[in-house]
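# Chain and residue survey
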Amino acid sequence: MTASADKLPIITFRSFRDPAGRLVRTRDRILRVVDPAYASDLESFLATGTARQAMETGRLVRTIPVASSEVGGSETGRVYEHERIRFPSYPYEWPAEMLHAAGVLTLNLGIQALEEGFGIKDATPYNVLYRGSEPVFVDVLSFERRDPLDPTWIAYAQFVRTFLLPLLAQRDFGSKLQSIFSGQRDGLEPEALYHQASLLGRLKPHFLSLVTLPKWAGAKRGADESIYRPKKSSSPEQARYILEGLMNRSRKQLNAMAPQPPADSTWTGYLDHKSLYSPAQLAQKQRFFEQALDSTKPASLLDVGSNEGHFSFLAARKGASVVAIDTDPAVVGSIWRQASKEKLDVLPLVVDLTRPTPATGWRNQECLSFLERSGAGSGGGFDMVAMLAVMHHILVTERIPMEDLLDLADQLTKRDLLIEFVGPEDPMFRRIVRGRDRLYTNITRESFESAAEARFELLRSERIDGLHRWLYLYRRRGAVN
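This text gives an overview of the structure that appears in the document. What you see is a predicted model, and the numbers here were worked out from it, not measured in a lab.

## Describing the pairing of strand 3 (residues 30–34)
Burial analysis of strand 3 places five of its five residues in the buried class, which makes it a mostly covered element. Here strand 3 shows no split at all, with I30, R32 and V34 on one side and L31 and V33 on the other all buried. As paired strands, strand 2 (residues 21–25) and strand 3 are joined by five bridges and run antiparallel to one another. Within the sheet, the bridge partner assigned to V24 lies in strand 3 and is L31. Hairpin geometry of strand 2 and strand 3 is characterised by an intervening segment of four residues between the two adjacent antiparallel strands. Pairing of strand 3 with strand 5 (residues 78–82), which is carried by five bridges, proceeds in the antiparallel orientation. Residue pairing in the sheet places R32 in a bridge with Y80 of strand 5.

Here is the structure:
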């Protein structure tokens, strides 16, 4: 993070949802302009032991004051610069494990802030980004000095809607977070789950407290607005006791919703017992991959079709910052578990490259599309893009033309492409073709090499022994070493 007074690039977006301030996102900096009326609270919070320790440990985004001239234009207020998280991601791209971890972080910071006289007024997963596999709370304006006699946590309902109920829906009904958050920015209402449950299901302990009782109470209260009027406690001690009790109960509810490793899915255990690779063939493929990493030394890598992250982990252990994408939430969740356990710089996301996450929010500018965040169309966002054992699925299952796929790879990588070509004779290729051979007669090794070499320079290639599979390391034409 830098606080230099250099002129900023063109401002691309100003947030607007919090009246206390506006986030200014530029091409290479993140600035927050804070209304003077709220700046004192922010300064006081940043000076607390909670904030300082959280910034030191990476749980809270690093934030420093800068000169107001840094922003320019018509913006007024105190200006702060945030550490830039390299690859922003959003709840609709996370597996349940990452939503749960974001909830744990939110509650932990909220409870710790109470001890120093601050409350957390926003409790949405959009306040959290990931630095690799580690969650980082980024909305410092969510913390405000609280009234010592106020026992309410105004953000509790939001925490339930955006953390607890989505996790409950995923656990009990198999709902996908991608569907929940792409359709409802502010999560789920109890009524939505109440009507999905059976009569007995509505009486299960956590379902009863989070869904059934709120549904019944809401119907009874109707339009009674008195429930929103603040009610003061008789003493600061009593107010804090009530508030801490609510947040600790929320923590217990969140822990009860902790995702468990799935027994199986389409792609879990792929390299262990579902793939075609023998141990020797897998070792040959891994050796090619590691040699490519050693010779090119990418600082950043996109692993497309990462499966359970075998090659993502190899890259991270060699110093690359990895974004690993797959369409199966189960395998993406397993990547996060392992990366978090080993403290590896791997960000796993549920993303389908053939239907990449679109831009969302007001004027499609609040949450950028996956391709825009990945640098497509602006010189590429990764030193290396890896597409191992995934191209044939894109070409056959999704019917994406080979030239289009290679064009996208060219846009995503700043420098190198490591790709595996699976020939039509391969058993997996034959399985997914399902007898429609005539539709794919144009997919040959020769046509692939011709299309690739129109865009890239070949550095190395190797056939995997005994398989109709070839590995290629390409360099983007015109790329700077």
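Still more to cover.
## Here we look at the sheet that holds strand 10 (residues 300–304)
Think of a sheet as strands paired side by side through backbone hydrogen bonds, with each pair either parallel or antiparallel. Across the sheet, seven strands lie side by side as 12-11-10-13-14-16-15; this open sheet has mixed pairing. Edge positions in the sheet fall to strand 12 (346–350) and strand 15 (456–463), since each has one partner strand and no second. Strand-to-strand, the axes of this sheet are offset by a mean angle of 15°, without reference to chain direction. Relative to strand 12, strand 11 (residues 321–326) is paired through five bridges, and the arrangement is parallel. Residue pairing in the sheet places V322 in a bridge with V346 of strand 12.

## Some remarks on the packing of helix 15 (residues 402–412) against helix 17 (residues 445–453)
Put simply, helix 15 and helix 17 touch, their axes get as near as 10 Å, and they point 40° apart. For the element pair helix 15 and helix 17, the recorded crossing hand is right-handed. Two secondary-structure elements touch here, helix 15 through M402, E403 and L406 and helix 17 through S447, F448, A451 and A452. A class-by-class count of the residues in the contact of helix 15 with helix 17 yields five nonpolar, one polar and one charged.

## A few points about the pattern of salt bridges
Summed over all chains, the structure comprises 27 salt bridges. Residue D172 pairs with R171 through a salt bridge whose shortest N-O separation is 2.8 Å. Judged by its relative accessible area of 39%, R171 is partly exposed. For D416, the salt bridge goes to R415, with nearest N and O atoms at 2.8 Å. Judged on exposure class, the residue D416 and its partner R415 are both buried.

## Considerations on the nonpolar core
The biggest cluster of nonpolar side chains holds 110 residues, and the ones touching the most others in it are W153 and F448. Of the residues forming this core, the biggest block, eleven residues, is contributed by helix 3 (residues 96–114). Setting aside chain neighbours within four positions, we find F448 in contact with M391, M402, L406, I419, F421, Y472 and Y474. By size, the runner-up hydrophobic cluster in this structure holds 28 residues, among which are A320, L418, I464 and L467.

Quick notes on the rules
- Residues numbered from 1 in each chain as written.
- Predicted model: local features only at pLDDT ≥ 70, side-chain atom pairs only at ≥ 80, totals over all residues.
- Heavy atoms only, no water.
- Buried < 20%, exposed > 50% of the residue type's maximum accessible area, 1.4 Å probe, protein only.
- Helix = DSSP H or I, 4+ residues; strand = E, 2+ residues; numbered from the N terminus.
- Pairing = 2+ DSSP bridges.
- Axes fitted to C-alpha atoms, helices over the stretch in contact; angles between N-to-C directions.
- Left-handed = near helix turned anticlockwise from the far one by under 90°.
- Contact = heavy atoms within 4.5 Å.
- Nonpolar A, V, L, I, M, F, W, Y, C, P; charged D, E, K, R; others polar.
- Salt bridge = Lys/Arg side-chain N within 4 Å of Asp/Glu carboxyl O.
- Core = buried A, V, L, I, M, F, W, Y, C linked by side-chain atoms within 4.5 Å.

By themselves, these observations are geometric and do not establish any function.
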